[in-house]
Every structure is written in structure tokens, then in C-alpha cells.
Amino acid sequence: MTKKLYIETVGCQMNVLDSELVVASLRKEGYELTDSPQAADTVLFNTCSVRQHAEDKIYSALGRLKNAKQENPDKIIGVLGCMAQKDQKLIFQRAPYVDLIVGPGQLHQVPQLISEIADGAGQQMEVSLGRKDGGRAEIERSHESFDPLRDPTMRPTPYQAYVRIVIGCDKFCTYCIVPSVRGPEQSRPPAQILAEARQLASEGCKEITLLGQTVNSYKFKEGERTTRFSDLLNAVHEIPGIERIKFVTNYPKDMTDDVLETVRDLPKLAKYLHVPLQSGSDAVLDRMKRGYTTDDYREMHDRIREWLPRAAVSSDFIVGFCGETEDEFQATMDSVREYRFKNSFIFKYSERPGTKGAERYPDDITEEVKRERNNRLLDLQNEISEADNQDFLGREVEVLVEGPSKTATRKDEADGPVLQLTGRTMCDRIVVFEGNQRQIGETLPIAIYDANAHTLFGNVVTQHVGPELFTLGV
Ligand code: SAH
Ligand code: SF4
Ligand code: F3S
């Protein structure tokens, strides 16, 4: 008999990929997906601990399941991922009706644990070793991932997939929980990564995004031979069928010239670099222990501009970090003006217990000031994004079509339904245009006629005749 699985995922791309892998392993056991937690035999939450808000969301979702579990005690409720690793037994204490807790390094055990629970084994918990719970090799082994299992139906589109190349993180920025929940930084063997990418290409996947918390820190040593990140990019580039390669997230100090040269020279590589600056103030960067100064970042950014004058660069920022003065915040505003990022992800500092930041510095910026700085920085970034997107007016871009846009409207015309589609350019800008179902998964030339801070709007270019553009779906 088929069993029904409901899975909810929060957090970063790592979690999206982990959920895909968990679903693939449970399908093998006869599970099918449902979008109703009420109707599901098993309900799983793949969780994130990066900010308090992400955890609160999960605890309240768990609260809403209390009655459903009382009515149907056979329903299995599981908490997976980073919050499972961080809170461990505390989750059983806060929500005693939870059956299963599994950290991100133990996800391969999920099918077995679920079947044991169904057989009456009671609550189960599998987590990896903490960063001080053993020797490095032992801790590394306890964070191993199970990447080869894939499930195309779990991906946002069958044409795009994530491939993990670096597990964990060793940078220990003082605000960040990731190194303790995802374990030591480990690069996966290139042969495994390439086999996975080839497999994805053979299933029709056209775009691969390589993942790592510090993706450009990738380095794999095998005997005498070292594979650098740029070597890996070159090898992935050789795979027939793959049309686009992206990678996130970059660590500024590891943005070496060989990486920039590779991005410049290889046509399948997206001309897009996500390299978070986090703050524009040296004093704040020092308290964050980011490992670089504003001068280091500027030097790196100058090199990006030298090798890749037109590439899009984006950033993350934390506002209201411990002790952030108005002047320090102004330095962040200035850095956004200086670098004109394509976009920035802006977060209000959220203290994470167990981090060096929580130990060393009081979380002394009020919520109101954090919110206000967040808004000011966002307004400035939006102004810059909108102004820079205007440069695209009248230009033609290549778009990999991902699917119907979120606000899709459907018009029926004489030659079939017209859909509002969305996709991305080689520099990772979102483009919305009218087209049809058949175009999903194709790479199309689009002429841009309008733009705002987040989106370019265009028409499919059907043919060039002389200097004129003939377009479809105006
Ligand atoms: N490895 C990536 C980021 C991973 S977390 C990097 O180093 O850039 C994604 C983003 O969340 C971070 O870039 C940071 O901006 C934000 N973040 C991490 N910890 C946070 C915290 N405690 N409070 C608020 N934002 C945080
Ligand atoms: Fe966190 Fe810093 Fe590692 Fe990024 S580099 S995951 S911010 S510790
Ligand atoms: Fe969150 Fe874990 Fe990713 S803490 S940001 S899901 S690595």
C-alpha cells in the first residue's frame, strides 16, 4: 500500500537539496507526496537554525499538529535538518508527540528510522557529533551526506538541479550557527560530483548550481593530485547537455584569479557571483570575525571587474550586529553605493546561542533600530537595482525558461493559450515574458522593454530581419 508523505522545507539551498534526497529515499519505500499534513502518514519538517524566526516557524507548525497526532497516533512526525542537530532532545521536550529527530549528517537513516517507529520502536533520534565531541576525522565521518540519490519530481523544475560540492563550514563567523550544525568543511571527491552531474544531464537537466557554504573554498586532495575549484568548474563544463553552471555561496578571501579567469573563459558559466560582504565597516567585520577587511573586499571586487566587467555581483548583509553604531551602519550604506550589487539579501541580526558572537557581545541593538536599518538599506539597494536594470531596456538577453511566473495569467488566443513565463539571464536576473508551455526548459532570446528593481520584462525574439526585431506575444 502506498503511504503518504508531507514534507515542508525552510532554510537555504542545502536544505532544498536534502529534502529532494529524503523524498527520493522514501519513494523507494513506497511513499507518495501529499500537500496535506492532515492526510499524510508521515509529516517531516526540514528545518533551519540560522535565525530565531526560522525556528519559531517550525515550533508553531509542530504545535498545530498536536491534535492531529492525538486523533491519529500512527501518524509519524519528524524534525530533520539544522534545528534537529542544534536542539536535539529539546524538541522532544517541547513537542513530546514528535517521533523522529534527524540531523543533516544522518539523513540517510530516515527510511530505516521511520520503519522502526512504525513497528513500535518509539521515539528515535540520530544526530552527528558536535564540533568538540571527538577527533576531526570522526566528526567529519558523522556529517557525511548521501548525495547520489536524486528525485527530479522534487525539484522546482526538472531542468535545474543543485549539486553539493562542499559540506559544512570552518569559517566560524561569530554570528553563525552553520559550522556547528553542518559540521567541518569537507570537499566531495570530484569523481562523485561529476558522476552526479552526468546523471542529471542524462535525465534532461540543463542547469546545475554547485553548492557550498563557501563554495569557492573547494579543494580535494588525492595522493599527489589536488583538484582546485577552477579545475572542477572546467570538468563540469565538459559535460554534454549541461548548458549553464552556477555556484553559491562564495567566500571573498577565496575568490582567486583562476576562478575568475575560468568564469570569463567558459561560456556555460553564469556571469554571476554571490559574494557576501556582510558589513561595510572594518570594526563590525572584525567583531563578526569574517576574516577580511573592507580593503580586502575592494581588492577582490576590483579583480572581478577586471576579469568580468559585466558580471552581476550580489551580497548578503546583517544589520544591527552587536554594538553596530549609526556610523558603522552608514559604512554599510556606503558600500552598497560603491559596489552597486545586483541585489542584496538583508537580515536583522539574530543571536544564536552557542556562537562566539553570543558569548562575547551583547545583542544590544533594539528590534526597532534593526528594522529601521534593514528598511533603509533595502530601499537603497532597490533604488540601485532598479536604476541598473534600466540598462537592459532595448537589449536582448538569453533566458533559460523555468516555468509559469508566480503571478501567471493565462490568455486564450487563436493559436493556443498564452502564459506568463519566467526564467533567468546568464547574469541571474529574473525575466518575465509571455509564451507557451512548450517553451519551458528552453533557452530563448528575449528583448527587454521594461524593468523594475527585481524583474526585467520582455518579449520572445522570433527572428531577425534586417535591423528590425520581430517579436511574439506583445
Ligand atoms: N555561507 C554563506 C552564508 C550562509 S547563511 C556565507 O558565508 O556567506 C546566509 C546568510 O544568513 C548569511 O550570509 C548572513 O547574512 C545571514 N546570517 C547568518 N547568521 C545570521 C544571524 N545569526 N543573524 C542574522 N543573519 C544571519
Ligand atoms: Fe556561516 Fe561564515 Fe560559514 Fe558562511 S562562512 S556559513 S556565514 S560561518
Ligand atoms: Fe539554515 Fe542550515 Fe542552511 S541553518 S541556512 S538550513 S545550512
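My aim in this report is to walk through the structure given alongside it, one point at a time. (Residues numbered from 1 in each chain as written. Chains lettered and ligands numbered in written order. Predicted model: local features only at pLDDT ≥ 70, side-chain atom pairs only at ≥ 80, totals over all residues. Heavy atoms only, no water.)

## Let's talk about the pattern of salt bridges
No. 1: This model, assessed by the stated rule, comprises 40 salt bridges.
No. 2: Here Glu185 and Lys171 are joined by a salt bridge, their closest N and O atoms 3.3 Å apart. With Glu185 in the loop between α8 (178-182) and β9 (186-187) and Lys171 in the loop between β8 (166-167) and α8, this pair connects stretches of sequence that are 14 residues apart.
No. 3: Linking Glu338 and Arg298 is a salt bridge whose minimum nitrogen-to-oxygen distance equals 2.7 Å. Pair noted here: Glu338 is in helix α14 (residues 326-339) and Arg298 is in helix α13 (residues 294-307), with a separation of 40 residues, a long-range link.
No. 4: Beyond isolated ion pairs, a larger network of salt bridges with shared partners links Glu20, Arg150, Arg155, Arg188, Glu196 and Glu203. (Salt bridge = Lys/Arg side-chain N within 4 Å of Asp/Glu carboxyl O. Helix = DSSP H or I, 4+ residues; strand = E, 2+ residues; numbered from the N terminus.)

## Brief notes about the side chain of Arg429
No. 1: Among the secondary structure elements, Arg429 is positioned in the loop between β19 (416-424) and β20 (430-435).
No. 2: This buried residue, Arg429, is left without a salt bridge; Asp388 holds the nearest opposite charge, at 5.6 Å.
No. 3: In this structure the side chain of Arg429 is engaged in a polar contact, spanning 2.8 Å, whose partner is the side chain of Asn389.
No. 4: Setting aside residues up to four positions removed in sequence, Arg429 forms contacts with Ala312, Lys342, Asn389, Phe392, Gly423, Arg424 and Leu456. (Buried < 20%, exposed > 50% of the residue type's maximum accessible area, 1.4 Å probe, protein only. Lys, Arg positive; Asp, Glu negative; His and termini not counted. Polar contact = N/O pair within 3.5 Å; in protein donor to acceptor, adjacent residues only side chain to side chain. Contact = heavy atoms within 4.5 Å.)

## Considerations on empty space enclosed by the protein
Over the atoms, a rolled probe matching the size of one water molecule traces out where space is still vacant.
No. 1: Applying the stated rule across the entire model yields one cavity of 30 Å³ or more.
No. 2: Counted as a void, the largest cavity has a volume near 80 Å³.
No. 3: Around the largest cavity sit Met14, Asp18, Pro104, Gly105, His143, Ser145, Arg164, Ile167, Gly168 and Arg182, which together line it.
No. 4: Taken together, the residues of the lining of the largest cavity break down into three nonpolar, four polar and three charged.
No. 5: Split by domain, the lining of the largest cavity shows at least three residues from each of two domains, domain 1 (3-131) and domain 2 (155-247 + 257-268). (1 Å grid on protein atoms, 1.4 Å probe; cavity = no way out; pocket = protein on both sides within 12 Å on 5 of 7 lines; lining within 4 Å. Points joined across faces, edges and corners; volume = space filled by probe spheres on them. Nonpolar A, V, L, I, M, F, W, Y, C, P; charged D, E, K, R; others polar. Domains from an automatic or database assignment.)

## Digging into the packing of aromatic side chains
No. 1: Using the criterion set out here, one finds 10 aromatic pairs in the structure.
No. 2: Each ring, one from Tyr339 and one from Phe341, has its centre 5.7 Å from the other, and the planes form 45°; the classification is tilted. Phe341 matches Tyr339 in its accessibility class, with the two residues each being buried.
No. 3: Between Arg94 and the ring centre of Tyr59, over which it is positioned, the NZ or CZ distance is 3.6 Å.
No. 4: For Lys171, the ring lying beneath its charged end belongs to Tyr251, and the centroid distance is 4.8 Å. (Phe/Tyr/Trp six-rings, centres within 6.5 Å; stacked < 30°, edge-to-face > 60°. Lys NZ or Arg CZ within 6 Å of the ring centre and 35° of its normal.)

## Considering the sheet that holds strand β10 (residues 207-211)
No. 1: In spatial order, the strands read β7-β10-β13; together these three strands make up an open sheet with parallel pairing. Two strands bound the open sheet, and with one partner strand each, they are β7 (160-164) and β13 (244-248). Strand-to-strand twist in this sheet, taken as the mean axis angle between neighbours without regard to direction, amounts to 25°.
No. 2: Bridge analysis of β10 against β13 gives five bridges, and the strand direction is parallel. The residue bridging Leu211 from the neighbouring strand is Val248, located in β13.
No. 3: Sitting on the sheet, helix α9 (residues 190-202) touches β7 and β10, and the angle it makes with β7 is about 170°. (Pairing = 2+ DSSP bridges. Axes fitted to C-alpha atoms, helices over the stretch in contact; angles between N-to-C directions.)

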